[in-house]
Amino acid sequence: MKKKILIVGGSYAGVKAGKTLHKIFRKNNDVEITLVDKNPFHTLMTELHEVAGHRTDPDSIKIDLRKIFRGRKVKVVTDEITSCDIANKRLLSATRAYDFDYLIIAIGSQPNFFGVEGAAEYAHTLWSYQDAIKLREHIEKMFERASYEEDPLERKRLLTFAVCGGGFTGVEMVGELGEAKKHFCTKYGIDKSDVTIYSIEALDRILTMLNSDKLVKKIEDKYFKKLGITLLKNSAIVKVEPNAFTLKNGTVIPSYSLIWSAGIKCVEGAKDFCLDKGRGSRICANEYMQGIQDGHPLESVYVA
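Residues numbered from 1 in each chain as written. Predicted model: local features only at pLDDT ≥ 70, side-chain atom pairs only at ≥ 80, totals over all residues. Heavy atoms only, no water.

Draft legend 1. View of the sheet that holds strand 13 (residues 196-200). As summarised here, the arrangement of the five strands in space is 11-18-12-13-14, forming an open sheet in which the pairing is parallel. This sheet does not close on itself; its edge strands, each paired only once, are strand 11 (124-125) and strand 14 (229-232). Taken together, the five bridges between strand 12 (residues 160-164) and strand 13 define a ladder with parallel strand orientation. Bridged to Ala162 within strand 13 is Tyr198. (Pairing = 2+ DSSP bridges. Helix = DSSP H or I, 4+ residues; strand = E, 2+ residues; numbered from the N terminus.)

Draft legend 2. Representation of the nonpolar core in the model. Of all hydrophobic cores here, the largest spans 38 residues; its most connected members are Ile139, Phe143, Met173, Leu177, Ile190 and Val195. When contributions to this core are tallied by element, the ones reaching two or more residues are helix 2 (48-52), helix 5 (129-148), strand 12, helix 7 (168-188) and helix 8 (213-226). The contacts of Ile190, once residues within four sequence positions are left out, are Phe143, Ala146, Ser147, Arg155, Leu159, Cys185 and Val195. (Core = buried A, V, L, I, M, F, W, Y, C linked by side-chain atoms within 4.5 Å. Buried < 20%, exposed > 50% of the residue type's maximum accessible area, 1.4 Å probe, protein only. Contact = heavy atoms within 4.5 Å.)

Draft legend 3. Empty space enclosed by the protein, seen in detail. In the structure shown here, the tally under the stated rule is one cavity of 30 Å³ or more. Roughly 40 Å³ of internal volume is contained in the largest cavity. Lining the largest cavity, in full, are Tyr122, Ala123, Val240, Glu241, Pro242, Ala244, Phe245, Ser255, Tyr256, Ser257 and Leu258. Secondary-structure elements contributing two or more residues to the lining of the largest cavity are strand 15 (237-241), strand 16 (244-247) and strand 18 (257-260). For the lining of the largest cavity, the residue count by class is eight nonpolar, two polar and one charged. (1 Å grid on protein atoms, 1.4 Å probe; cavity = no way out; pocket = protein on both sides within 12 Å on 5 of 7 lines; lining within 4 Å. Points joined across faces, edges and corners; volume = space filled by probe spheres on them. Nonpolar A, V, L, I, M, F, W, Y, C, P; charged D, E, K, R; others polar.)

Draft legend 4. How the structure looks around the pattern of salt bridges. Counted by the stated rule, this structure contains 10 salt bridges. The salt bridge involving Glu154 is made with Arg145; its shortest N-O contact spans 3.6 Å. The exposure class assigned to Glu154 is buried, which follows from its relative accessible area of 17%. Relative accessible area serves as the criterion here: at 27%, Arg145 is assigned to the partly exposed category. With its nearest N and O atoms 3.2 Å apart, the salt bridge here joins Lys182 to Glu179. Within this pair, Lys182 and its partner Glu179 are both found in helix 7, separated by three residues, close to a single helical turn. For Lys182, a relative accessible area of 35% gives the class partly exposed. One connected set of salt bridges, linked through shared partners, spans Arg145, Glu154 and Arg157. (Salt bridge = Lys/Arg side-chain N within 4 Å of Asp/Glu carboxyl O.)

Draft legend 5. Molecular detail of unusual backbone geometry. Located in the positive-phi region is Asn234, a residue other than glycine, with phi close to 50°. Here Asn234 lies in the loop between strand 14 and strand 15. Asn234 sits in the partly exposed class, given a relative accessible area of 42%. Unusually for a residue other than glycine, Asp294 sits at a positive phi of about 55°. Counting through the fold element by element, Asp294 comes out in the loop between strand 20 (290-293) and strand 21 (296-303).

The structure is reproduced here in structure tokens:
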């Protein structure tokens, strides 16, 4: 009987796992590899901001999973896993069951709102292809509406954009807004000085993952200023509403366009595959990437 390897998720980790396993088992007819994802495509996550900011075409960040694995020993199935039965080595969707001998969980992450009131309901996110398309349309809609809005306060609200989070995603996204501003102001006859763009960081430094203070200072003092971006550090957001958000110092900033990139957590799907979770809802694993259940590693279940 063939050994069944099941990969859940067409993320970077899932795709890499599929390619690697193909190389190892391509001549072994006793091994069957299946990759399941709810989308038929892999998303280039590092380029989402370019789609949202109208720099690139949306289709440029979608890669057909079947095209990726064409000619490889990996069967691609478009389906969404809804429940798990780890003890019997079986995963379930709404329509079928997937048995496995070895399971690789590569389901990715999702935005972490850290319990901030209204953030999940009203902030825009940038963590999927669908997010990028929605944000792309929203940004242009704000400029379009502002072009014929006569109320100065409402017009200012329409032309105020903010990105919460000073990590790579946040800095790249706010930079895209600064670049997109030039195009939309020309297209809709808006003075660039009427557009306000905020980069908002809860800590006293953006890009904390970088060791170079010199590089960070260059981004703040040259890149941001050139694009007309206002940087607010030590400015945690404590409340988000449909048409405004509030900082910890009590400042209320009217805006329909708060983009949330303050952090991530493990995807909440299929009850996290019945595995133990740690800080930030992360699935627990040991040094061999084996998933942990009730404090013990599972020899046939791996997490990437």
